[in-house]
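Structural overview
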Amino acid sequence: MRSVEVSAKTVEEAVKIALEKLNLTEDEVNIEILEHPNKGFLGFLGSKNALVRVEEKYDPLKAGQKFLEKIFSFMKLEPTINIVEEDEYTIFNLSGKDLGILIGRRGETLDSLQFLLNLVVNKNLENRVKYIIDVEGYRSRRENTLADLANRLAKKVIRTGRKVVLEPMNPQERRIIHLTLQDNKYITTYSEGEEPYRKVVIVPKKQA
Amino acid sequence: MKELVEYLAKSLVDHPEDVHVNEVEGERTIILELSVSPEDMGKVIGKQGRIAKAIRTVVKAAAAKEGKKVSVEIL
């Protein structure tokens with residue numbers, strides 16, 4: 001966090017100078033008074049200036065955006081970042097040219113970037129925040145694809161009466177499969193194996 | 001690529017001043033040797049190497065864009 005220490009005749013004056021130096025407003029900073037001013041005897045003997053420390057407040061959203069922009073500059077990408085704040089999480093929606101590289105194989109790069117982003121912004125936070133990165137609606141498209149796949153395979157399990165094991169998926173993707181099929185009366189789903197190779201299994205429900 | 005690894009590592013650790021990246025250029029691949037303060041090892045490796053894996057995935061994507069192969073080694 002950027003911070004400055006400023007000494008001036010009064011506390012107000014010192015804070016004002018500090019804010020100008022940081023180019024911030026009062027609600028964007030924490031102010032700590034290190035030394036109170038003292039007029040001294042007859043206005044000169046033992047007079048003391050005020051000393052304040054003004055520190056920029058940590059804003060995870062700003063920090064997150066800066067982190068992503070920095071990484072994109074190293075990758076020579078210039079996506080537009082559109083931030084949508086929901087109750088439990090915030091989505092960083094990216095759009096622009098050549099962003100396929102940010103998605104990677106089955107979203108692997110996107111998941112890695114998102115994981116690192118969450119680590120970095122939560123480093124200094126007691127109340128953790130949750131950030132999701134999406135590239136031009138990739139995540140919602142992937143969600144639809146997985147739901148379709150789940151329904152198709154469920155039908156196959158019902159038709160053949162034999163279980164189907166899906167390929168390894170991350171927890172979020174497995175969750176989509178489980179949720180899609182949770183109300184299906186003829187099959188059940190569970191996961192088996194160890195991360196990162198954990199897979200969903202769809203089995204016919206035993207007839208009572 | 002070196003700057004990217006350096007930036008990622010510095011963002012994750014508690015002692016950014018101890019982050020060093022050494023670039024060793026091979027014929028077809030670039031090796032980036034990352035060293036951090038011993039106290040920060042966990043911050044760049046993570047449980048079951050999860051953080052290290054994420055760093056490698058992001059750096060690989062950046063390198064692929066430039067048609068290069070990069071491996072990140074944590075010393």
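Here's a quick rundown of the structure.

Cut-offs applied
- Residues numbered from 1 in each chain as written.
- Chains lettered and ligands numbered in written order.
- Predicted model: local features only at pLDDT ≥ 70, side-chain atom pairs only at ≥ 80, totals over all residues.
- Heavy atoms only, no water.
- Salt bridge = Lys/Arg side-chain N within 4 Å of Asp/Glu carboxyl O.
- Helix = DSSP H or I, 4+ residues; strand = E, 2+ residues; numbered from the N terminus.
- Buried < 20%, exposed > 50% of the residue type's maximum accessible area, 1.4 Å probe, protein only.
- Core = buried A, V, L, I, M, F, W, Y, C linked by side-chain atoms within 4.5 Å.
- Contact = heavy atoms within 4.5 Å.
- Buried area = accessible area lost by both parts, 1.4 Å probe.
- Polar contact = N/O pair within 3.5 Å; in protein donor to acceptor, adjacent residues only side chain to side chain.
- Nonpolar A, V, L, I, M, F, W, Y, C, P; charged D, E, K, R; others polar.
- Axes fitted to C-alpha atoms, helices over the stretch in contact; angles between N-to-C directions.
- Parallel < 35°, antiparallel > 145°, perpendicular 65-115°, else oblique.
- Left-handed = near helix turned anticlockwise from the far one by under 90°.

Within this structure, the stated rule accounts for eleven salt bridges over all chains. Ionic pairing is found between Glu56 of chain A and Arg2 of chain A, a salt bridge with its closest N-O pair at 3.3 Å. Linking Glu56 of chain A in strand 3 (residues 50-56) with Arg2 of chain A in the segment before strand 1 (3-8), this pair joins segments that are 54 residues apart in sequence. Exposure remark for Arg2 of chain A: the relative accessible area of 42% places this residue in the partly exposed category. Between Lys68 of chain B and Glu66 of chain B there is a salt bridge, with the nearest N and O atoms lying 3.8 Å from each other. Residue class for Lys68 of chain B comes out partly exposed when judged on its relative accessible area of 39%.

Among the nonpolar cores identified, the biggest contains 50 residues, and Phe67, Leu68, Ile71, Leu102 and Leu116 of chain A together with Leu8 and Val59 of chain B are the most heavily contacted of them. The biggest single contributor to this core is helix 3 (residues 50-65) of chain B, with eight residues. Ignoring anything within four residues of it in the chain, the contact list for Leu8 of chain B reads Phe67, Ile71 and Leu116 of chain A together with Ile55, Val58 and Val59 of chain B.

We now examine the interface of chain B and chain A. Taken together, the contact between chain B and chain A spans 20 residues of the former and 18 residues of the latter. A per-residue breakdown of the area chain B buries against chain A is headed by Tyr7, Val58 and Lys65 of chain B, which together make up 31% of the total. In this assembly, chain B and chain A are joined by one salt bridge. At the boundary of chain B with chain A, the tally comes to five residue pairs in polar contact (both at pLDDT 80 or more). Of all the secondary structure elements, the ones that give two or more residues to the side of chain B that touches chain A are helix 1 (2-12) and helix 3 of chain B. The biggest single contributor to the side of chain B that touches chain A is helix 3 of chain B, with ten residues. The residue inventory of the side of chain B that touches chain A, partitioned by class, reads eleven nonpolar, two polar and seven charged.

All names here are of chain A. Following both chains from N to C, one finds helix 5 (residues 138-160) and helix 6 (residues 171-181) inclined at 50°, their axes separated by 9 Å at the closest point. The pairing of helix 5 with helix 6 is recorded here as oblique in orientation. As helix 5 packs across helix 6, the resulting crossing turns out to be right-handed. Facing Arg142, Glu143, Leu146, Ala147, Ala150, Asn151 and Ala154 of helix 5, the residues of helix 6 in contact are Glu173, Ile176, Ile177, Thr180 and Leu181. A breakdown of the residues in the contact of helix 5 with helix 6 according to their chemical character gives seven nonpolar, two polar and three charged.

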